[in-house]
Amino acid sequence: MGLISNYEEVFAVILFGIGFSNLLFNRNLLKKIIGFNIMDSGVYLFLASMGYIDGRMAPIITDGITDAEAYINPVPSGLVLTGIVVSVSVTAMMLALTIRLYRRYNTLNLDEIYMFASRETKK
Amino acid sequence: MARIRDNYERSAAYRAEKVIKGEAEPLDFLPEEDRTTEDKLTIEKTVKESESELSLSPETLTETVEFKLYSRIYKALSVVVCIIFITSLVITAIHLPSLGSDLNPANNEVPERYVEKGVEETGAINTVAGMILDYRAFDTFGESCVLFAAVICVLILLKESDLSAAEHSDRQNEPKNDGILKAAASILFPVIIIFGFYVILNGHLSAGGGFSGGAILGSGMILYLLAFGFEKAHKLFNYKTFAVTVCSAQIFYCIAKGFSFFTGANEIETHIPLGNPGDILSSGLILPLNICVGLVVAYTIYTFYVMFRRGGF
């Protein structure tokens, strides 16, 4: 019942779950970043579907109608905008750090990097 | 006797013998203050390299019993965590109010107020633009600061001190005098830039705004760089223009919105005309703020590309 009527939210949550399991199962740092971005997309889809109301217009005032009954909720749209900007910044930051790690240890595997790093701190 | 041995240890013959036997590095015998930091770094590096050769390599470490046990436990736990996490999220999503219903608790008096009073108070036809650049302008300022901080971090992390080496490696990937790309870019670049400015300038009238328009401008700049190479692109976009544009846009945003919030909080007249809603020159500060945000986003995207490709302007 709810599974069918809330299909967008359910799909957003599954997308989030796919990204999350990607983050946990992959040992490659680049694939972890891809998983992180899939999680972000799940959040955007969830926010966009929460703001949607059946049969209403996008929140751009047309023909001078300023009745709240005519437009969808503008707040989640603003939140998605914030989310996209922050995710772009965080992705660029993570990729730059990954490049530095690769130059230092010549590997993208998190376990190997962790072992190299722990051996360095022991000395 | 002791003095004779000390004298011998200071002599050149003793040092040469040590170096030949491989027990010491030639630099070890220099007085501390004579060594430059570079020498120290090379010594540390060689020591580290020899040590890491002696110790176990990661391939052998990943095959130890402890590691295998750890990875097995990790995988089992991850499966359990993922299944519990996804199931609980799906159950929550099923019990949420149904999609598209106006009885959704998110549709309360806040968005109602934004839609009903938005045109009157901000002068923007696009309610989302009015919301993010007027009611919640400091939130958007925070966003552009996040972008700025990310650019600074990438600049610090990926800055190449020696650009000529990077230039050499970059040459192999760069399209050299690609005729099709150049012809296409010379037609597309002006169109893309004009469209980007259109989206930015119409941010308060239609869908769009600083962020999306800035992304379009940034991709146009990247296309120009791809088609005409670094030398030509640097006449238009270089580190100096980046620093001046982004910093002045951020400072203007900060001062303009600080003024507007200060006067608003103290109930002083701002004397910023809201104009006729629907005109291109209307809605007070939203249009200049959109331009600021657009410039910041465009230069951010271009700088990300340049830094990841070559490590410097």
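Residues numbered from 1 in each chain as written. Chains lettered and ligands numbered in written order. Predicted model: local features only at pLDDT ≥ 70, side-chain atom pairs only at ≥ 80, totals over all residues. Heavy atoms only, no water.

## Thoughts on the overall build of chain A
- Counting its regular elements, chain A contains 5 helices and 0 strands.
- Moving toward the C terminus, one meets the helices and strands of chain A in the order α-α-α-α-α.
- A total of 123 residues make up chain A; the buried ones form 44% of that total.
- Within chain A, contacts between residues at least 6 apart in sequence are counted, and of these 48% link residues at least 24 apart.
- In the form shown here, chain A has an accessible surface area of approximately 6,300 Å², with 69% of it arising from carbon and sulfur atoms. (Helix = DSSP H or I, 4+ residues; strand = E, 2+ residues; numbered from the N terminus. Buried < 20%, exposed > 50% of the residue type's maximum accessible area, 1.4 Å probe, protein only. Contact = heavy atoms within 4.5 Å. Areas by Shrake-Rupley, 256 points an atom, 1.4 Å probe, with all protein chains shown as cover.)

## Quick notes on the overall build of chain B
- Counting secondary structure elements, chain B contains 13 helices and 0 strands.
- Ordered by position in the sequence, the α and β elements of chain B form the string α-α-α-α-α-α-α-α-α-α-α-α-α.
- Looking at chain B as a whole, 36% of its 313 residues are labelled buried.
- Taking contacts inside chain B between residues at least 6 apart in sequence as the whole, the part at least 24 apart equals 70%.
- Element-wise, carbon and sulfur atoms account for 64% of the exposed surface of chain B, whose accessible area totals about 18,200 Å².

## A look at helix 13 (residues 286-309) of chain B
All names here are of chain B.
- When the terminal C-alpha atoms of helix 13 are compared, their 34 Å separation across 24 residues agrees well with the 34 Å that a helix rising 1.5 Å per residue should span.
- Along helix 13, 17 of the 24 residues are buried, which leaves the element largely enclosed by surrounding structure.
- Trailing helix 13 by a residue or two, G311 shows a phi angle of about 80 degrees, which is positive. (Expected span 1.5 Å × (residues − 1).)

## Focus: the interface of chain A and chain B
- With 58 residues of chain A at the contact, the number on the chain B side is 63 residues.
- Here chain A meets chain B over a buried area of about 5,200 Å², counting both sides, of which 72% is carbon and sulfur.
- Joining chain A to chain B, the criterion identifies 0 salt bridges.
- There are 9 residue pairs in polar contact (both at pLDDT 80 or more) connecting chain A and chain B.
- Every element with two or more residues in the side of chain A that touches chain B is listed here: helix 1 (2-5), helix 2 (7-25), helix 3 (29-51), helix 4 (75-105) and helix 5 (110-122) of chain A.
- Ranked by residues supplied to the side of chain A that touches chain B, first place goes to helix 4 of chain A with 19 residues.
- By residue class, the composition of the side of chain A that touches chain B is 33 nonpolar, 12 polar and 13 charged. (Buried area = accessible area lost by both parts, 1.4 Å probe. Salt bridge = Lys/Arg side-chain N within 4 Å of Asp/Glu carboxyl O. Polar contact = N/O pair within 3.5 Å; in protein donor to acceptor, adjacent residues only side chain to side chain. Nonpolar A, V, L, I, M, F, W, Y, C, P; charged D, E, K, R; others polar.)

## With respect to the packing of aromatic side chains
- Within this structure, the stated rule accounts for 16 aromatic pairs over all chains.
- Measuring from ring centre to ring centre gives 6.0 Å for F67 of chain B and Y70 of chain B, while their planes differ by 50 degrees; the resulting arrangement is tilted. On the criterion of helical spacing, the pair formed by F67 of chain B and Y70 of chain B is a turn pair, its members being 3 residues apart in helix 5 (residues 65-94).
- On the accessibility criterion, F67 of chain B (14% relative accessible area) is buried.
- Here F237 of chain B and Y302 of chain B contribute two aromatic rings whose centre-to-centre distance is 5.2 Å and whose plane-to-plane angle is 65 degrees, an arrangement assigned as edge-to-face. Placement of the pair is F237 of chain B in the loop between helix 11 (210-236) and helix 12 (239-265) and Y302 of chain B in helix 13, with a sequence separation of 65 residues. For the pair formed by F237 of chain B and Y302 of chain B, the shared burial category is buried.
- Each residue in the set F189, Y224, F228, F237, Y239, F242, Y299 and Y302 of chain B is aromatic and connected to the rest through ring pairs, giving one cluster.
- The ring of Y105 of chain A has R104 of chain A sitting right over it, with the charged end atom 5.4 Å from the ring centre. (Phe/Tyr/Trp six-rings, centres within 6.5 Å; stacked < 30°, edge-to-face > 60°. Lys NZ or Arg CZ within 6 Å of the ring centre and 35° of its normal.)

## Looking at helix 8 (residues 137-158) of chain B
- The first and last C-alpha atoms of helix 8 of chain B sit 32 Å apart over 22 residues, in line with the 32 Å expected at 1.5 Å per residue.
- Where helix 8 of chain B is buried, its residues meet helix 4 of chain A together with helix 7 (127-135), helix 11, helix 12 and helix 13 of chain B.

## Quick notes on the side chain of H204 of chain B
- Structurally, the position occupied by H204 of chain B is in the loop between helix 10 (179-201) and helix 11.
- Apart from the residues within four sequence positions on either side, H204 of chain B is in contact with A124, I125, N126, A129, D279, I280, S282, S283, I286, L287 and N290 of chain B.

## Overview of the nonpolar core
- The biggest cluster of nonpolar side chains holds 49 residues, and the ones touching the most others in it are V154, F237, F242, Y253 and Y302 of chain B.
- Of all the elements in the fold, those that place two or more residues in this core are helix 4 of chain A together with helix 7, helix 8, helix 10, helix 11, helix 12 and helix 13 of chain B.
- Sorting elements by how many residues they give to this core places helix 13 of chain B first, with 12 residues.
- Leave out the neighbours within four places in its chain, and Y302 of chain B touches M221, I222, L225, A233, H234, F237 and F313 of chain B.
- A70 and Y71 of chain A together with I125 and L205 of chain B belong to the second largest nonpolar core, which has 7 residues in total. (Core = buried A, V, L, I, M, F, W, Y, C linked by side-chain atoms within 4.5 Å.)

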